[in-house]
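Letter by letter, the chains look like this.
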Amino acid sequence: MGEAISCQLAGIASPGGAPPRNDTNKTMSHTPILTIRNLSTVFPDENGGLRALRDVTFDVHPREFICVLGPSGSGKTTLLRILAGLIKPTSGSFKFGHGEQPSTGMVFQQANLMPWRTVIENIKLPLEVKNINDAVARAKAREMIELVGLQGFEDSLPRDLSGGMAQRVAIARALIHDPDLLLLDEPFGSLDALTRERMWTELSRIWQARQKTVIMVTHSINESLFLADRVLVLTQRPGKIKMDVEVDLPRPRKDDIRYTPHFGKLARKLREAIE
Amino acid sequence: MIKRFLPILLSTLAFLLGWQLLTRYSGIPNFILPSPLSVWTRFIKAVQDGSLPYHTWITLTEIVLGLLTGVLFATIIGYILAKSRTLEKVLSPYLVASQAIPVVAIAPLLVIWLKDGILSKVVICALIVFFPVLVNTIVGVRAVPTALYDLMNSLHATRAQILWKVEVPASLPVFLGGLRIGATLSVIGAIVGELVDAEEGLGFLLQLGDFQYDTPMVFVAVFTLIALALILYGIVRLLENRFLKWQNK
Ligand SMILES: Nc1ncnc2c1ncn2[C@@H]1O[C@H](COP(=O)(O)OP(=O)(O)OP(=O)(O)O)[C@@H](O)[C@H]1O
Ligand SMILES: [Mg+2]
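So, about the site of ligand 1. Residue and element names in this part refer to chain A. What surrounds ligand 1 is a group of 14 residues, the closest being Ser72, Lys76, Thr77, Thr78 and Gln109. Backbone polar atom of Ser74 to an oxygen atom of ligand 1: 3.2 Å apart, as the coordinates give it. Burial of ligand 1 by the surrounding chains reaches 65%, relative to a free accessible area of 630 Å². When its residues are assigned to classes, the shell around ligand 1 shows three nonpolar, eight polar and three charged.

This is the structure in structure tokens:
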């Protein structure tokens, strides 16, 4: 039953492409797409180094949606930066299933737009980097603009956007090249509640329609329970995995799911873990 | 448009009028302070006999070649120094020391070494342009936000892509600021070279006027130099308007 609905929702799924997900029955028997072992990070500072991450170990399975919760400074951003290949861990290892880094879309905590590029030019950047024909790139960027609801702002400069709009540009930019791995660092932090919930729906839809693995940092328990298959909770700095919770809520998850007892139980469990 | 230029137009007119009245009633002889009208007459004459266009062309060639050379070296070296702390540590004492030597002082040396042709002027001009452009290139490239490098690296961008899509546009505002200074200085560079020893160019014309007590000619040369500097400055401003639109306001 859940299958049929998620299939319909997956409006942009390639015909006969992604097999329908069966989210309530998580077998995840296939080999992990990403194995993370004992990651630790120490940033050099005056008093012997600042430990940001400690012994982080977990597996990520293909097409899994993982949310990472944790107090400020617990190393969530650091973890994403390691997985994106931007910094090296001090010790420990991580390995992708196919050996090399999959194509990655990243949304940074700050929108991180190029101030000299218009909205559409910012969004098409990943395609430019891949040397894709400009007309094709622009057409694709227009699609993404529609997806994040920024029609009419194609040619605006970042300085003329609100924080939430800038963040939506960043989200569109992270998705445009259809990456296999999405690393999202509080992508909806600066959005208003309504837009945020719309983006949740869109993100689940995109994630269900295309074969993507998502690791998303968030501060919101609700957000993690709406979106994730699994929630990891980090401890205070240095961040260590304190809890690894399976979110076995049926999909698609509608707004009223938060009033179900199971949602409440999971939320309480997470809240206690975060303190 | 008219509104924008009206104040400058009026002040220029007032200045010329005051000048004309001063020379007329103060009794200062023409070879010390020529009247604007005599300068104008001399200007027309210099244009008609072809001397002014010729010498202006020579100086302009020196300036453009010197500016291009100076900017080219400053940009390349500046970029390398911005990227390598070690190289900067090794080289910056020399660079700063080289700035402590006034170019005016070594200009005669350069003219001796490089002969009195156009080359020595181009080199002097390039030397004077070099430093401000170098410093601004370093500052500009260093100021590129690291977050944008992260973005490009997360997309597996190549070095060339990072250069052209991030470093160049991000450092352009500061770089053009340096170019603006360099462009103005380039005029000084060419003239310094010509004043040391030259058979042609506006500096030569200026000196000739000086020797012959042809003071109006000196004024014509000076004003032409000012015009060249203003034009170069204007070109950089045009570049800024064209490429830094995203910054305006
Ligand atoms: N490049 C760096 N150099 C030095 N220290 C760093 C660096 N990056 C992060 N840190 C430190 O590491 C710790 C973890 O930082 P991180 O940004 O990963 O936290 P976070 O969990 O993302 O926090 P927040 O929720 O506030 O975004 C912090 O104490 C931070 O100051
Ligand atoms: Mg963070």
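Between two aromatic rings, the relevant description is the distance of the centres plus the angle of the planes. In total, this model carries 11 aromatic pairs over all chains according to the counting rule given. Here A:Trp116 and B:Trp246 contribute two aromatic rings whose centre-to-centre distance is 5.7 Å and whose plane-to-plane angle is 65 degrees, an arrangement assigned as edge-to-face. Taken as a pair, A:Trp116 in the loop between β5 (104–107) and α3 (119–123) and B:Trp246 in the segment after α10 (215–243) lie in two separate chains rather than in one. For the residue pair A:Trp116 and B:Trp246, the accessibility class agrees, reading buried in each case. The interplanar angle of 35 degrees and the centroid separation of 4.8 Å between the aromatic rings of A:Trp200 and A:Phe226 together place this pair among those described as tilted. Remark: A:Phe226 occurs in helix α8 (residues 221–227) and A:Trp200 occurs in helix α7 (residues 193–209); sequence separation between them is 26 residues. An identical accessibility class is assigned to A:Trp200 and A:Phe226; each is buried. Among the aromatic residues, those joined into a ring-pair cluster are B:Phe15, B:Trp19, B:Phe219 and B:Phe223.

What follows deals with the packing of helix α9 (residues 202–211) of chain B against α10(B). Residues and elements named next belong to chain B. Across the interface, α9 lies against α10 with an axial gap of 7 Å and an inter-helix angle of 160 degrees. When the axis of α9 is compared with that of α10, the two are roughly antiparallel. In this structure, the crossing between α9 and α10 has a hand that is left-handed. In this structure, α9 contributes Leu202, Leu205, Leu206, Gly209 and Asp210 to the contact, and α10 contributes Thr215, Met217, Val218, Ala221, Val222, Thr224, Leu225 and Leu228. Residues that form the contact of α9 with α10 fall into these classes: nine nonpolar, three polar and one charged.

With that settled, the discussion passes to the coordination of the magnesium ion (ligand 2). Each angle at a metal carrying four tetrahedral donors should ideally be 109.5 degrees, and each at a metal carrying six octahedral donors should ideally be 90 or 180 degrees. Within the first shell, the magnesium ion (ligand 2) binds the protein through A:Thr77 (OG1) and A:Gln109 (OE1), at distances of 1.9 to 2.3 Å. With A:Thr77 in helix α2 (residues 76–83) and A:Gln109 in the loop between β5 and α3, this residue pair connects regions lying 32 residues apart in the sequence.

Here we come to empty space enclosed by the protein. Residue and element names in this part refer to chain A. In total, this model carries three cavities of 30 Å³ or more according to the counting rule given. The wall of the largest cavity is formed by Val107, Ile171, Ala174, Leu175, Leu182, Leu184, Pro187, Phe188 and Leu203. Per-domain counts for the lining of the largest cavity show at least three residues from each of domain 1 (32–102 + 180–275) and domain 2 (105–179).

Another point: the layout of surface pockets. The volume enclosed by the largest pocket comes to roughly 470 Å³. Among the secondary structure elements, those contributing two or more residues to the lining of the largest pocket are α1 (2–26), α2 (36–48) and α10 of chain B. Ranked by residues supplied to the lining of the largest pocket, first place goes to α10(B) with six residues. When the residues that make up the lining of the largest pocket are grouped by side-chain class, the tally is 13 nonpolar, two polar and no charged. Size it by volume and the second largest pocket reaches roughly 350 Å³. In this structure, the second largest pocket is lined by 13 residues; those nearest its centre are A:Trp116, B:Pro169, B:Arg242, B:Phe243 and B:Trp246.

So, how was this worked out
- Residues numbered from 1 in each chain as written.
- Chains lettered and ligands numbered in written order.
- Predicted model: local features only at pLDDT ≥ 70, side-chain atom pairs only at ≥ 80, totals over all residues.
- Heavy atoms only, no water.
- Near = heavy atom within 4 Å.
- Polar contact = N/O pair within 3.5 Å; in protein donor to acceptor, adjacent residues only side chain to side chain.
- Areas by Shrake-Rupley, 256 points an atom, 1.4 Å probe, with all protein chains shown as cover.
- Nonpolar A, V, L, I, M, F, W, Y, C, P; charged D, E, K, R; others polar.
- Phe/Tyr/Trp six-rings, centres within 6.5 Å; stacked < 30°, edge-to-face > 60°.
- Helix = DSSP H or I, 4+ residues; strand = E, 2+ residues; numbered from the N terminus.
- Buried < 20%, exposed > 50% of the residue type's maximum accessible area, 1.4 Å probe, protein only.
- Axes fitted to C-alpha atoms, helices over the stretch in contact; angles between N-to-C directions.
- Parallel < 35°, antiparallel > 145°, perpendicular 65-115°, else oblique.
- Left-handed = near helix turned anticlockwise from the far one by under 90°.
- Contact = heavy atoms within 4.5 Å.
- Donors = N, O, S within 2.8 Å, 3.2 Å for Na, K, Ca; no water.
- 1 Å grid on protein atoms, 1.4 Å probe; cavity = no way out; pocket = protein on both sides within 12 Å on 5 of 7 lines; lining within 4 Å.
- Points joined across faces, edges and corners; volume = space filled by probe spheres on them.
- Domains from an automatic or database assignment.

Read these as spatial facts, not as claims about activity.
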